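Residue-level listing of the chains:
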Amino acid sequence: MAMEITVQKTDNPKEKPDQGNLGFGTNFTDHMFIMDYSKDKGWHDARIVPYGPMKFDPAMATLHYGQAVFEGMKAYKSPDNRILLFRPEKNMERLNNTNDRMCIPRIDEEFCLEAIKKLVNIDKEWIPTAPGTSLYIRPFIIATDKYLGLKPSSTYKFMVILSPVGAYYPQGVNPVEIYVENEYVRAIPGGTGHVKTSGNYAASLKAQAEASARGYVQVLWLDGLERKYIEEVGSMNVFFKIDSELVTPALVGSILPGVTRDSTIELVKSWGIKVTERRVSIAEIFEEHKKGRLDEAFGTGTAAVISPIGELNWEGRSIKVNDGKTGRLAERIYQKLTGIQTGELEDDFGWTEKI
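Residues numbered from 1 in each chain as written. Predicted model: local features only at pLDDT ≥ 70, side-chain atom pairs only at ≥ 80, totals over all residues. Heavy atoms only, no water.

**Q** Explain the environment of D100 here, please?
**A** The topology assignment puts D100 in helix 2 (residues 88-101). With relative accessibility at 43%, the residue D100 sits in the partly exposed group. Each C-alpha atom, one on D100 and one on G166, is 32 Å from the other, the two residues being 66 residues apart in sequence. (Helix = DSSP H or I, 4+ residues; strand = E, 2+ residues; numbered from the N terminus. Buried < 20%, exposed > 50% of the residue type's maximum accessible area, 1.4 Å probe, protein only.)

Written out as structure tokens, the structure is:
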């Protein structure tokens, strides 16, 4: 028997933000979803309540040991006013994979997806319709035990908040400058790089700050063992078009299996373009550029969808990719994926789900 979701609507609706100046992740809708976990009850007390601050104990486990996980997905409003989600079942599946790695009880994926749909439907007037905008959905789970001993928590909160967003990168779908990180490590096989746990992102901030100080938008992460093989770019998966082949690092246990990554691979293969998942060294990329064979490079992720790479700096050497311009394949992928997501183009893959 499915759990009931109780609803308490706000008495004080907030003013909607200007769609032309949304930014990313700074505005939040009127409501949020909460569900609790305890060992004796399991997941229980599913509810939608007004968005607002919450009260927690200073000894709460997640504040001290980082037992916290999250997902990121989006809702779009189509030209004919349908509300669409893009492959949401993949996010729920990945959330449970993350839960397993972080010793957090698994969720009922189908129920939680229905809860997200209900929340989005309640706050559907918050879904922006300006070009490049969407409603960002952030499901997350935090450990709530009041205990300073190091062990998996016995209580948790699963929450979902919503944020109307514009482009993740202010410069839009334009090539960005990337600094290849040699000193700091994002993840290693056997660690947590393949799941979406909060600590992964906290550990990346130092490298990001130093890259920004050098004038670069993001960092390109190398593997944690040999510091030679490419893994991710910022918090995105990364692709390289070398001659007629699209190459992306293989999922070796330290790379997050992105939903946009998977969609890009399937989409490009449907166009008859060869896609290879394998180990890719940074030295190979610079060598292919020298030979004139590196046509494009771009990152893929939920927030930005496609982020073209215009420059790479590695050990003091810089190369321009495609003369610093957005490549034709990256543009084609972006247009097709966003067209499917927003309902403006035919969904040939059955990826969108109507609320």
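**Q** Sorry, what's going on with the pattern of salt bridges here?
**A** Any two side chains of opposite charge can pair, on the condition that their charged atoms come close. Counted under the stated rule, the structure contains 21 salt bridges. Among the ionic pairs, E210 bridges to K206, the shortest N-O distance being 3.7 Å. Residue E210 and its partner K206 are both found in helix 4 (residues 198-213); the two are separated by four residues, about one turn of the helix. Taking relative accessible area as the criterion, E210 reaches 22% and is therefore assigned partly exposed. Note on K206: relative accessible area 48%, which makes it partly exposed. Each of D36, D45, R47 and K157 takes part in salt bridges that share partners, so that together they form one network. (Salt bridge = Lys/Arg side-chain N within 4 Å of Asp/Glu carboxyl O.)

**Q** Is there a simple way to explain the nonpolar core in this structure?
**A** One broad rule of soluble globular proteins: the nonpolar side chains tend to lie buried together. By size, the foremost hydrophobic cluster in this structure holds 35 residues, and its most contacted members are F33, V120, I137 and F158. For this core, the leading source of residues is helix 3 (residues 109-122), giving seven residues. Setting aside residues no more than four positions away along its own chain, I137 makes contact with E71, G72, M73, K74, A75, L85, I116, V120, V160, I161 and L162. In this structure, V176, V180, F240 and A297 belong to the second largest nonpolar core, which totals 24 residues. (Core = buried A, V, L, I, M, F, W, Y, C linked by side-chain atoms within 4.5 Å. Contact = heavy atoms within 4.5 Å.)

**Q** Is there a simple way to think about the side chain of T342 in this case?
**A** Its location among the elements puts T342 in the loop between helix 7 (328-341) and strand 18 (352-354). Classification of T342 by relative accessible area gives buried; the value is 15%. At 2.8 Å, the side chain of T342 forms a polar contact with the backbone oxygen of T338. When neighbours within four sequence positions are excluded, T342 is seen to be in contact with Y76, K77, S78, P79 and L84. (Polar contact = N/O pair within 3.5 Å; in protein donor to acceptor, adjacent residues only side chain to side chain.)

**Q** I'm lost on helix 4 in this one. Help?
**A** At 3.6 residues per turn, the α-helix brings residues three or four places apart onto the same side. Taking 1.5 Å as the rise per residue, helix 4 with 16 residues should run 22 Å; its terminal C-alpha atoms sit 24 Å apart, in good agreement. Its maximal kink placed at L205, helix 4 deviates by approximately 35°. Turning to helix 4, its buried residues are N200, S204, A207, Q208 and A211. Where the residues of helix 4 are buried, they touch strand 9 (176-181) and strand 10 (218-222). Just beyond helix 4, the residue with positive phi is G215, at close to 95°. (Expected span 1.5 Å × (residues − 1). Bend = angle between axes of the 7 residues up to and from the residue.)

**Q** Help me out: how do you make sense of a nonpolar patch on the surface in this one?
**A** On the surface, Y65, L148 and L150 cluster together into a nonpolar patch covering about 350 Å² of accessible area. Relative to the helices and strands, L150 resides in the loop between strand 7 (134-143) and strand 8 (155-165). Here L150 falls in the exposed class, since its relative accessible area comes to 72%. (Patch = residues over 30% accessible without salt bridge, like charges linked within 9 Å, V, L, I, M, F, W, Y side chains within 5 Å. Areas by Shrake-Rupley, 256 points an atom, 1.4 Å probe, with all protein chains shown as cover.)

**Q** It is not clear to me how the packing of helix 5 (residues 259-270) against helix 7 should be interpreted in this structure. Could you clarify?
**A** Axis angle and axis distance: for two packed helices, these are the angle between their axes and the distance between the axes, and together they describe the pair. Relative to each other, helix 5 and helix 7 sit at 110°, their axes nearing to 11 Å. Relative to helix 7, helix 5 is oriented roughly perpendicular. Facing T260, S263, T264, L267 and V268 of helix 5, the residues of helix 7 in contact are I333, K336 and L337. Considering only residue class, the contact of helix 5 with helix 7 consists of four nonpolar, three polar and one charged. (Axes fitted to C-alpha atoms, helices over the stretch in contact; angles between N-to-C directions. Parallel < 35°, antiparallel > 145°, perpendicular 65-115°, else oblique. Nonpolar A, V, L, I, M, F, W, Y, C, P; charged D, E, K, R; others polar.)

**Q** Is there a simple way to explain the state of the cysteines in this structure?
**A** Here a disulfide denotes a covalent bond joining the sulfur atom of one cysteine to the sulfur atom of another. Following the criterion strictly, the structure yields zero disulfides and no others. The structure places no disulfide on C103, whose sulfur is separated from the nearest cysteine sulfur, that of C112, by 19 Å. Judged by its relative accessible area of 48%, C103 falls in the partly exposed class. (Disulfide = S-S within 2.5 Å.)

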